[in-house]
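Reading the structure
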Amino acid sequence: MKTRITELFGIKHPIIQGGMHYVGFAEMAAAVSNAGGLGIITGLTQGTPEKLAAEIKKCRGLTDKPFGVNLTFLPSVNPPDYPGYVKAIIDGGVKIVETAGNNPQKWLPALKEAGIKVIHKCTSVRHSLKAESIGCDAVSVDGFECGGHPGEDDVGNWVLLPRAAEELKIPFVASGGCATGSQLVAALAMGADGLNMGTRFIATKEAPVHDNVKQAIVAASELDTRLVMRPLRNTERVLVNAGVERLLEKERTLGANIKFEDIFPEVAGVYPKIMVEGQMDAGAWSCGMVAGLIHDIPTCQELIDRIMTEAEAIIRGRLADMLAG
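Let us look at the structure shown here. (Residues numbered from 1 in each chain as written. Predicted model: local features only at pLDDT ≥ 70, side-chain atom pairs only at ≥ 80, totals over all residues. Heavy atoms only, no water.)

**Focus on the overall build of the protein**
For the protein, the count of helices and strands is 14 helices and 10 strands. A globule of 325 residues ought to have a C-alpha radius of gyration of about 20 Å, and the protein, at 19 Å, matches this closely. When the backbone C-alpha atoms are referred to their principal axes, the protein occupies close to 60 × 45 × 35 Å. In the protein, buried positions account for 52% of the 325 residues. Restricting the contact set of the protein to residue pairs at least 6 apart, pairs at least 24 apart contribute 62%. Surface summary for the protein: the accessible area is close to 14,100 Å², and the carbon and sulfur share equals 55%. Charge centroids of the protein, computed over 33 positive and 38 negative side chains, lie 4 Å from each other. (Helix = DSSP H or I, 4+ residues; strand = E, 2+ residues; numbered from the N terminus. Rg over C-alpha atoms; globule rule 2.2 N^0.38 Å. Buried < 20%, exposed > 50% of the residue type's maximum accessible area, 1.4 Å probe, protein only. Contact = heavy atoms within 4.5 Å. Areas by Shrake-Rupley, 256 points an atom, 1.4 Å probe, with all protein chains shown as cover. Lys, Arg positive; Asp, Glu negative; His and termini not counted. Charge placed at Lys NZ, Arg CZ, Asp CG, Glu CD.)

Shown next, in the form of structure tokens:
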């Protein structure tokens, strides 16, 4: 399948594995890239620029296909060594970067000079237009269904994607709630040029996370996520568990007076406990409503092949038959 995204990134299929904390390691990115999609290493998960450089080198040894690095720009009292991470990406010869969080404008000149294509994650049309105006090559449009941070507008992809298509000139992919070939076809019909999948890729054989995490996603329905940290205007969609219930109770009890320190036990340092150790009630971890559409744990190759086969069958069969007359 040929779209503006496959052309831009030099990939076979218009499917991107988004950056995910404690999931986006070399083996995950390589498996997706080898299957014809675009694998992404999560930069900040590595901990230091030196470790990111090592992870990029490791990924190069696992695939000869294009892969990218996610770099999330967060407001922080002690910010990560962003100049070091950017240097590691450039020195590592990576040609695709997925940016997220704050406006990446400050870092674009260095990335562009190195010939790097930038796709920025956005949760609204206005942010997408800003990304386009500062020189991003593409955007990932995140609907309200997505795991992680859906923003504060609460607009689902059924409206967000066609709105983005009305306004944007650069290519964009649908993100949030994506797992199937039928959704790829729908996204293409609404003007997108591909899919970005997060939660669906966690439930794959190659995902370097504890099996408890994969089983929890398969067992969950579309009703099993919750929105946390909304009173702090840092809304995150997470899979419900005992830790999340504790967090939500604090939000109900403290109301407008809640501070980040109040929920520290449920959100700080949680990812290693869950993703590595499989302590599923440790606290809040990002998971999308798409869990309701995830029923198995295939390899990345099996998953991407399934999506593309289903998409082609719908386009050539069901939709084409409707026009036959």
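**Remarks on the environment of A53**
Summarising the element assignment, A53 is placed in helix α3 (residues 49-62). In the structure, A53 is positioned 36 residues away from I89 in sequence and 7.1 Å away in space, judged by C-alpha atoms.

**Points about the sheet that holds strand β6 (residues 138-142)**
Read across the sheet, 8 strands follow the order β1-β8-β7-β6-β5-β4-β3-β2 without closing on themselves; strand pairing throughout is parallel. Looking at strand neighbours, the two that pair on one side only are β1 (15-17) and β2 (39-42), the edges of this open sheet. Taking each pair of neighbouring strands and ignoring which way they run, the sheet shows an average axis angle of 30°. As defined by bridge partners, strand β4 (residues 96-101) adjoins strand β5 (residues 117-122) across 4 bridges and the pair is classed as parallel. Directly across from V97, in β5, lies its bridge partner V118. Its contacts with the sheet put helix α7 (residues 157-167) on β6 and β7 (172-175), and the angle it makes with β6 is roughly 155°. (Pairing = 2+ DSSP bridges. Axes fitted to C-alpha atoms, helices over the stretch in contact; angles between N-to-C directions.)

**Quick word on the nonpolar core**
Core analysis: the biggest nonpolar cluster contains 81 residues, and F201, V213, I217 and W285 have the highest contact counts within it. Broken down by element, the residue count for this core peaks at 7 residues, all from helix α14 (residues 300-323). (Core = buried A, V, L, I, M, F, W, Y, C linked by side-chain atoms within 4.5 Å.)

**Looking at the state of the cysteines**
By the definition in use, this model includes 0 disulfides. Between C59, a cysteine without a disulfide, and C300, which holds the nearest cysteine sulfur, the sulfur-to-sulfur distance is 12 Å. In this structure C59 comes out as buried when scored by relative accessible area, which is 0%. Taking the relative accessible area as the measure of exposure, C300 reaches 0% and is therefore buried. (Disulfide = S-S within 2.5 Å.)

**As for the pattern of salt bridges**
One pass over the full model with this rule turns up 17 salt bridges. Across the pair D296 and R306 runs a salt bridge whose closest N-O atoms are separated by 2.5 Å. Pair noted here: D296 is in the loop between α13 (270-276) and α14 and R306 is in helix α14, with a separation of 10 residues, a long-range link. R306 gets classed as partly exposed once you look at its relative accessible area, which sits at 37%. (Salt bridge = Lys/Arg side-chain N within 4 Å of Asp/Glu carboxyl O.)

**Examining the layout of surface pockets**
A volume near 280 Å³ is recorded for the second largest pocket. Surrounding the second largest pocket, 16 residues form its lining, E145, N157, G176, G177 and Q183 being those nearest its centre. The residue inventory of the lining of the second largest pocket, partitioned by class, reads 10 nonpolar, 4 polar and 2 charged. (1 Å grid on protein atoms, 1.4 Å probe; cavity = no way out; pocket = protein on both sides within 12 Å on 5 of 7 lines; lining within 4 Å. Points joined across faces, edges and corners; volume = space filled by probe spheres on them. Nonpolar A, V, L, I, M, F, W, Y, C, P; charged D, E, K, R; others polar.)

What is shown is where atoms sit, not what they do.
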